[in-house]
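# Structure at a glance
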Amino acid sequence: MVAKFVIDTNVAISANGINTHASINCQLACIELLENCKKLYIVIDKAGLIMEEYAKHLSHAGQPGVGDMYFKYLHDNQHAEKKIHTVSITLSDDISRGFDELPTNTLDPSDRKFLATAVVAQAIIVNATDSDWAEQNELLETLNIELKQLCPEHSCR
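Residues numbered from 1 in each chain as written. Predicted model: local features only at pLDDT ≥ 70, side-chain atom pairs only at ≥ 80, totals over all residues. Heavy atoms only, no water.

## Regarding the state of the cysteines
Among covalent bonds in proteins, the disulfide is the one between the sulfur atoms of two cysteines. Tallied over the entire structure, the rule returns one disulfide. Between the sulfur of Cys26 and that of Cys151 lies a disulfide, 2.0 Å long from S to S. On the sign convention where negative is left-handed, the bridge of Cys26 and Cys151, at about 80° about the S-S bond, is right-handed. Residue Cys26 is located in helix α2 (residues 24–35), and its partner Cys151 is located in the segment after β5 (147–149); the two are separated by 125 residues in the primary sequence. Summarising the burial analysis for this pair, Cys26 and Cys151 share the class buried. (Disulfide = S-S within 2.5 Å. Helix = DSSP H or I, 4+ residues; strand = E, 2+ residues; numbered from the N terminus. Buried < 20%, exposed > 50% of the residue type's maximum accessible area, 1.4 Å probe, protein only.)

## Brief notes about the pairing of strand β1 (residues 4–7)
The side-chain alternation of β1 yields two buried faces, one formed by Lys4 and Val6 and the other by Phe5 and Ile7. Pairing of β1 with strand β2 (residues 41–45) involves two bridges; the strand directions are parallel. Paired with Lys4 across the strands is Tyr41, a residue of β2. Where β1 meets strand β4 (residues 124–127), three bridges bridge the pair, whose relative direction is parallel. Following the sheet pairing, Ile7 is matched in β4 by Val126. (Pairing = 2+ DSSP bridges.)

## Quick word on the packing of helix α3 (residues 49–57) against helix α5 (residues 112–121)
In the contact formed by α3 and α5, the axes pass within 9 Å of each other and the chain directions differ by 140°. Pair α3 / α5 crosses with left-handed handedness. When α3 is examined against α5, the residues Leu49, Ile50, Glu53 and Tyr54 are found in contact with a partner set consisting of Lys113, Phe114 and Thr117. (Axes fitted to C-alpha atoms, helices over the stretch in contact; angles between N-to-C directions. Left-handed = near helix turned anticlockwise from the far one by under 90°. Contact = heavy atoms within 4.5 Å.)

## Side note on the packing of helix α1 (residues 9–16) against helix α4 (residues 66–77)
Taken N-terminus to C-terminus, the directions of α1 and α4 make an angle of 135°; their axes are 6 Å apart at the nearest point. The angle between α1 and α4 falls in the class oblique. Residues Ala12, Ala15 and Asn16 of α1 touch α4, and the partners they reach there are Val66, Gly67, Asp68 and Tyr70. The class makeup of the residues in the contact of α1 with α4 is four nonpolar, two polar and one charged. (Parallel < 35°, antiparallel > 145°, perpendicular 65-115°, else oblique. Nonpolar A, V, L, I, M, F, W, Y, C, P; charged D, E, K, R; others polar.)

So, in structure tokens, the structure goes:
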């Protein structure tokens, strides 16, 4: 089975190295991952919620940072590239869940789209600096979702 990845916005922000609390080693880990994005099988949601969040923090121009380059690649190829997969996720009326694909949870509501997308695609979530993910081990285990922590120094408060 091919590994699929859902990449949290903080990875691209850290790769850009601007307005981030990421260490230089963390930034370099994010840059290395995103520079190889064309080799990865990336998953986003069909509704565009992940792309909307990326657009708030990254440039469509694809520069000046590697995070911006990643966003431009996704934006330009999301409907044509075989290694960019889109899945349907369903917003829930139940605010304790956020999405129908998720059980009741305490995850930051802004991160739920990434988790719902990962659940549908059976993908690995990639995180850099968001310590909230480390607090969700039980939820991730229940949903059989792996978390790839690029920057372990940011995985706990």
